[in-house]
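Descriptive structure summary
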Amino acid sequence: MAADAHDGQVPEPSEGGRRALDLLDKAIDSQSVLVRKNIARARQRNPEATPAQVIRTLERMYVSTLTGTGAAVGGTAAAPGVGTGVALALSAGETFSSLELSALFALSLAEVHGIPIDEVERRRTIVMGIMLGGSGSATITKVAERTGQHWGRQVVAKVPVETLRQINKILGKNFVTKYGTKQGIVVLGRVAPFGIGAVIGGGANAAMATLTVRAGRRAFGPPPTTWQD
């Protein structure tokens, strides 16, 4: 089986990597209970909105909020009396906020598509797969030995939990590489003086949000035409 071929090939994460994965798990756990509230908020202005309309609203909410948090943290270094140490501390908190927002977005998409995700391994696969974009979907389809589009549906319906554990080990390693190393560079950029950090932070988060939205569309495909009560 393809999953077995990866046994022993994925090293245990470093202490820093483990911390990144722990933050991810906390974000997934804390946002799982808020999914229905998030969808209700997206439907607030138009209770008769179709699933497709709600998904577009969720996408706009996600991009707008994530961009705003990045710009706000980046701008603190330019404020009078705020030192680099304070701005770095705020950036550490903002990273967790970004993970929370991304987990909430991914799990909300699954819910609108009528795909309940109760098992923690499936939630991890959905969230990491979407946040990692093309590399995430490639890993999932390869290890799960599934072909075709819209892997998000297949993960819930057809992939055994044991296979998901193998997938999540690989996704976790890739997640640490992408959001540990690269995100660290972005965090330093956010504390640049004279307001430059606000531009870098907001721009970095906007780019991340846009890629996540595209990955979500690929993961689940076209939304249902009606609500599944």
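What counts as what
Residues numbered from 1 in each chain as written. Predicted model: local features only at pLDDT ≥ 70, side-chain atom pairs only at ≥ 80, totals over all residues. Heavy atoms only, no water. Helix = DSSP H or I, 4+ residues; strand = E, 2+ residues; numbered from the N terminus. Contact = heavy atoms within 4.5 Å. Areas by Shrake-Rupley, 256 points an atom, 1.4 Å probe, with all protein chains shown as cover. Phe/Tyr/Trp six-rings, centres within 6.5 Å; stacked < 30°, edge-to-face > 60°. Lys NZ or Arg CZ within 6 Å of the ring centre and 35° of its normal. Core = buried A, V, L, I, M, F, W, Y, C linked by side-chain atoms within 4.5 Å. Buried < 20%, exposed > 50% of the residue type's maximum accessible area, 1.4 Å probe, protein only. pLDDT = per-residue confidence, 0-100. Salt bridge = Lys/Arg side-chain N within 4 Å of Asp/Glu carboxyl O.

**Points about the overall build of the protein chain**
Along the backbone of the protein chain there are 9 helices and 0 strands. When the helices and strands of the protein chain are read in sequence order from the N terminus, they spell out α-α-α-α-α-α-α-α-α. In the protein chain, the share of contacts with a sequence separation of at least 24, taken over all contacts with a separation of at least 6, comes to 80%. With an accessible surface of roughly 11,400 Å², the protein chain has 57% of that area assigned to carbon and sulfur atoms.

**Quick look at the packing of aromatic side chains**
Across all of its chains, the model carries 1 aromatic pair by this definition. Cation over ring: R43 sits above W227, and NZ or CZ is 4.1 Å from the ring centre.

**Some points on the nonpolar core**
By size, the foremost hydrophobic cluster in this structure holds 51 residues, and its most contacted members are V127, I130, I167, F175 and F220. Per-element accounting of this core gives the leading share, 9 residues, to helix 4 (residues 84-112). Ignoring anything within four residues of it in the chain, the contact list for F220 reads A106, L109, A110, H113, I115, I126, I130, H150, G152 and R153.

**Section: the confidence of the model for the protein chain**
Here the protein chain shows a mean pLDDT of 75. Residues at 70 or above account for 68%. Of all secondary-structure elements in the protein chain, the lowest mean pLDDT belongs to helix 4, at 70, while helix 5 (residues 120-131) reaches the highest, 92. Low pLDDT, under 50, characterises residues 1-8; the stretch is placed with 12 contacts to residues that sit more than four places away or in other chains. Counting interchain partners and residues more than four positions distant, the pLDDT-below-50 stretch residues 185-202 has 35 contacts.

**Examining the pattern of salt bridges**
Summed over all chains, the structure comprises 9 salt bridges. A salt bridge links R122 to E119; the nearest nitrogen and oxygen atoms lie 2.5 Å apart. A relative accessible area of 11% places R122 in the buried class. Looking at E119, the relative accessible area reads 38%, which means it is partly exposed. If you follow the salt bridges from partner to partner, you end up with D25, E121, R124, E162 and R165 in one network.

**What to know about the environment of A207**
On the secondary structure map, A207 appears in helix 9 (residues 196-220). Given a relative accessible area of 42%, A207 falls into the partly exposed group. For the pair A207 and V63, spaced 144 residues apart in sequence, the C-alpha to C-alpha distance is 8.9 Å.

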